[in-house]
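Report on the structure
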Amino acid sequence: MDIQLKRGLLDVCVLAAIKDSESYGYKIIKDMKPYIGLSESTLYTILKRLESANMLTVRTAEHGGRLRKYYRITDHGLRRITDFKDEWKEILSIYRFVTKEDNSNDKA
């Protein structure tokens, strides 16, 4: 899969994992596991990229004697999910075009 396309898909998946409530790294990975496998190193790279793009905010709080980062989606992140849904319609259309069966042999 094209690396840029995969990066965009993973970004939206992470945003979707936190769209309803703030979350932290381990929980994000656990919530995504039934749909997509994601390593911790990949997740934290994505989270940093999304934070830099103002698609999520981060707060730190103590949990069990350790500091934990909690991530919350921003309005900009929510718009990215909406944009993705619109883009996905176009991607599906392209997919249908590319995978359509060649009916010209049936007509001969």
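Placed above this text is the structure.
The structure contained in this document is the topic of the report that follows. Fair warning: this is a prediction, and the values are worked out from it, not measured in the lab. (Residues numbered from 1 in each chain as written. Predicted model: local features only at pLDDT ≥ 70, side-chain atom pairs only at ≥ 80, totals over all residues. Heavy atoms only, no water.)

1. Concerning the packing of helix α2 (residues 25-32) against helix α3 (residues 40-52)
- Orientation of α2 relative to α3, taken along the N-to-C sense of each, is 110°, at an axis distance of 10 Å. Judged by the angle between their axes, α2 and α3 are roughly perpendicular. The crossing of α2 and α3 is right-handed. For the pair α2 and α3, the contacting residues are Gly25, Tyr26, Ile28 and Ile29 in the first and Glu40, Leu43, Tyr44 and Leu47 in the second.
- Classifying every residue of the contact of α2 with α3 gives 6 nonpolar, 1 polar and 1 charged. (Axes fitted to C-alpha atoms, helices over the stretch in contact; angles between N-to-C directions. Helix = DSSP H or I, 4+ residues; strand = E, 2+ residues; numbered from the N terminus. Parallel < 35°, antiparallel > 145°, perpendicular 65-115°, else oblique. Left-handed = near helix turned anticlockwise from the far one by under 90°. Contact = heavy atoms within 4.5 Å. Nonpolar A, V, L, I, M, F, W, Y, C, P; charged D, E, K, R; others polar.)

2. Here we look at the side chain of threonine 74
- Inspection of the secondary structure puts threonine 74 in the loop between β2 (66-73) and α4 (75-99).
- A relative accessible area of 16% places threonine 74 in the buried class.
- Ignoring anything within four residues of it in the chain, the contact list for threonine 74 reads Asn54, Met55, Leu56 and Thr57. (Buried < 20%, exposed > 50% of the residue type's maximum accessible area, 1.4 Å probe, protein only.)

3. What about the side chain of serine 23?
- By the element assignment, serine 23 lies in the loop between α1 (3-17) and α2.
- The class for serine 23 is buried, based on a relative accessible area of 2%.
- Discounting chain neighbours no more than four positions away, the residues touching serine 23 are Ile18, Ile28, Lys69, Tyr70 and Tyr71.

4. Quick notes on the packing of aromatic side chains
- Enumeration over the complete set of coordinates arrives at 2 aromatic pairs.
- A ring pair is formed by tyrosine 24 and tyrosine 70, whose centres lie 5.8 Å apart and whose planes are at 75°; its orientation type is edge-to-face. A residue pair is termed long-range when its members are at least 10 positions apart, and tyrosine 24 in the loop between α1 and α2 and tyrosine 70 in strand β2 qualify at 46 residues.
- On the basis of relative accessibility, which here comes to 13%, the residue tyrosine 70 falls in the buried class.
- Above the plane of the ring of tyrosine 70 lies arginine 59, whose end atom (NZ or CZ) is 4.5 Å from the centre.
- Above the ring of tyrosine 24, the side-chain terminus of arginine 68 is found at 3.6 Å from the ring centroid. (Phe/Tyr/Trp six-rings, centres within 6.5 Å; stacked < 30°, edge-to-face > 60°. Lys NZ or Arg CZ within 6 Å of the ring centre and 35° of its normal.)

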